[in-house]
Amino acid sequence: MRPVYLHGRSLASALGANLPQALAAISAGGKAPLRVSLAGGTDWPYFGIDLPEANWRTRARQLIRAAISEAGLESCRHAPLFVASSSFDIGAIETGQARLNDSNGFGEEVAALLEWQGPVYLVFSACVSSLQAILAAYKLVATGAVDDAVVLGVELFNRFSLSGFAAMQLLTPGKPQPLGSGRDGIALGEAVAALHLSSQPGRWRLCGGSNLVDGRDPTGAIPQTVTQMCNQALAASGLAASDIGLVKLQAAGSPANDVNELSGLTAAFDPLPPLVTLKAAIGHTLGASGAAEIALLLACLETGIWPHADYPLDPKLCAGLARSRPESVRYILADILGFGGGHAAVILEDTYARSG
Amino acid sequence: MNNFTWKITGRTSAGTPPENWRDQLVVRLGYRPRRIGILAELALYGALDCLDNAKESGLPGDVLLRVCSMGGPVSAISQVLEQIHEDLPQPFSFLQSQTSQVLPALAAALSWQGDASVVMSRNSMNLALLAGQQAERCGMLLGWVEEKPCRSYWIRLAPCTTPTSSFIAASSFEEMSSESTHYWRLGRTGMEIAP
């Protein structure tokens, strides 16, 4: 196995059209979610991307092209492309701009749009889709099958997902408060994020990760499986729990799932490393969340611009969120937990933080 | 790259499942699956049939499970779209409309926990190659499941030492999944097969 590095990255989210805009928005205190009305007169927060364009497909094309460009991926068109999403083009289908056909059509449309020459895979495993895509791409580069691979997380507005999460009573009526004492649900959001994995050395090394599906709960996290996920990710990366200097949480503001995640992490780490969550800033971007949050996290770590919670944390969780960028972090574990029993984590190394 | 080799230890018929496949699934499971949707039931039917064919009562924890479904749970998706179109406040079928729900249904029925995902590609040979590159020394359970037309095709592969048989480069997925193919090997340029 050879080392794998993260090179180009990009993010369009509620915080802005690209990563510099996202960092500027975090510096300015973040952005409030929009409100979206659903049938029955209900009204929900939603972290939408500020790009007014009535045609779903046209908007998707603009955002995807911009993400590929921001990540500098125009020269990688022969690499494998992993498109990760939980909804693909359901937003176009529900508005009559596309027919319900087969999901691969969206991947082919993206490939044609980008004039992609390499193989295209669609990862369709709900919230953990992007992390599974990163792990698949990682293995291809690490084993020498390819020198480069690209992960594109795409989650764009659709009433289908919003209605479904509302029906399952998983949404907050106000603002999401991950680990907060008043947390009462999640808020969904849009994101288009690209990550370039390469064998060429760079600052951020992808050390390994784990992906576990547990059938005991099809909608939530299992504490013991969270612990196993961490242990497997550490073993795959050749690291000990004490090496991890920061954990990027799934934490989305769910009353039960945040507790389960913390419980599983506490069993894996003693003491818990500093924690960070990005879902109060960009919402839960479902299938794109793994790529979106890693792109944003690395930008935050490089610049020192740091998201902070503007709400009281739950003292019962016995866990705080890092108020600023932790000093001298070398290894970071980033996890996503989701529908479908998904528990996935990756570990990243800041090679600039290597001692000696 | 290492020449990881697998033996095909079980597979289902490539044809359409029998009309009474749901009844057969109930008998096989010993209970009627509830609220998991048609796609997940079809996946269960095929996966269990494949494991029976492989003479396995369960799935080892280190096996890689990959499911491909181009159409996904179309009946549940259509139902949710209709509910949204009619401005009904709560799409009750939402969970069943998520293709990923196939994974916990399989994990629960097989009393299994491990590396599973839903990955799609029009080219099944590419998917099989990707799975092999992910699995390395581990085994695989690969399934192609569709509601319309009804299909649940599964292959179980176990890691093995390279047999003396001569390998050739696979030219199609049909060749890879043919009854006369018994071994897959990860070659330099793609998947290789042997009788």
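In this text the structure is predicted, and so the values were computed from the model without any measurement. (Residues numbered from 1 in each chain as written. Chains lettered and ligands numbered in written order. Predicted model: local features only at pLDDT ≥ 70, side-chain atom pairs only at ≥ 80, totals over all residues. Heavy atoms only, no water.)

Trainee: How would you summarise the packing of helix H1 (residues 19-27) of chain A against helix H10 (residues 289-303) of chain A if you had to cite specific residues and measurements?
Mentor: All names here are of chain A. Put simply, H1 and H10 touch, their axes get as near as 10 Å, and they point 65° apart. By the angle between their axes, H1 is roughly perpendicular relative to H10. Judged by the twist between their axes, the crossing of H1 over H10 is right-handed. For the pair formed by H1 and H10, the contact residues are Leu19, Ala22, Leu23 and Ile26 on the first element and Ala295, Leu296, Ala299, Cys300 and Thr303 on the second. (Axes fitted to C-alpha atoms, helices over the stretch in contact; angles between N-to-C directions. Helix = DSSP H or I, 4+ residues; strand = E, 2+ residues; numbered from the N terminus. Parallel < 35°, antiparallel > 145°, perpendicular 65-115°, else oblique. Left-handed = near helix turned anticlockwise from the far one by under 90°. Contact = heavy atoms within 4.5 Å.)

Trainee: Describe the pairing of strand S9 (residues 191-194) of chain B, with residues and values.
Mentor: All names here are of chain B. Along S9, one buried face is formed by Met191 and Ile193 and the opposite face, lined by Glu192 and Ala194, is buried too. Sheet topology note: the strand S7 (residues 168-169)/S9 ladder contains two bridges and is antiparallel. Looking across to S9, one finds that isoleucine 168 is bridged to isoleucine 193. Pairing geometry for strand S8 (residues 183-186) and S9, over four bridges, is antiparallel. Paired with leucine 186 across the bridge in S9 is methionine 191. Counting the residues in the hairpin turn of S8 and S9 gives four residues. (Buried < 20%, exposed > 50% of the residue type's maximum accessible area, 1.4 Å probe, protein only. Pairing = 2+ DSSP bridges.)

Trainee: Lay out the interface of chain B and chain A with the relevant residues and their values.
Mentor: Every contact between the two is made by 42 residues of chain B and, on the other side, 52 residues of chain A. In total, about 3700 Å² of surface goes out of reach between chain B and chain A, with carbon and sulfur atoms giving 62% of it. A per-residue breakdown of the area chain B buries against chain A is headed by Phe94, Gln113 and Met120 of chain B, which together make up 18% of the total. At the surface where chain B touches chain A, the tally comes to two salt bridges. (Buried area = accessible area lost by both parts, 1.4 Å probe. Salt bridge = Lys/Arg side-chain N within 4 Å of Asp/Glu carboxyl O.)

Trainee: Explain the domain arrangement of chain A residue by residue, including any values.
Mentor: Residue and element names in this part refer to chain A. By the assigned domains, chain A splits into domain 1 (4-198) and domain 2 (204-351). Facing the 55 residues of domain 1 at the interface are 67 residues of domain 2. When domain 1 packs against domain 2, the two sides together hide about 4700 Å² of surface, and 72% of this comes from carbon and sulfur. In terms of surface lost to domain 2, no three residues of domain 1 exceed Cys127, Leu179 and Arg183, which account for 17% of the buried area on that side. The partner of lysine 175 in a salt bridge is aspartate 310, with the nearest N and O atoms 3.0 Å apart. (Domains from an automatic or database assignment.)

Trainee: Tell me about the pattern of salt bridges, and please be specific about residues and values.
Mentor: By the definition in use, this model includes 26 salt bridges over all chains. The salt bridge partner of aspartate 214 of chain A is arginine 216 of chain A, with a shortest N-O separation of 2.9 Å. Using a relative accessible area of 3% as the deciding quantity, one classes aspartate 214 of chain A as buried. Residue arginine 66 of chain B pairs with aspartate 115 of chain B through a salt bridge whose shortest N-O separation is 3.1 Å. Of this pair, arginine 66 of chain B sits in strand S2 (residues 64-68) while aspartate 115 of chain B sits in the loop between strand S3 (113-114) and strand S4 (116-120), and the two are 49 residues apart along the sequence.

Trainee: Describe helix H8 (residues 257-268) of chain A, listing the residues and the values that go with them.
Mentor: Residue and element names in this part refer to chain A. Here H8 spans 17 Å end to end across twelve residues, near enough to the 16 Å set by a 1.5 Å rise per residue. Turning to H8, its buried residues number three or more, namely Asn257, Asp258, Glu261, Leu262, Gly264, Leu265 and Ala268. Projected onto a plane normal to the axis of H8, the buried residues spread over an arc of 165° and lie on a single side. Buried residues belonging to H8 abut helix H7 (223-237), strand S10 (244-248), strand S11 (275-276) and strand S12 (331-338). (Expected span 1.5 Å × (residues − 1). Arc of directions from axis to C-beta.)

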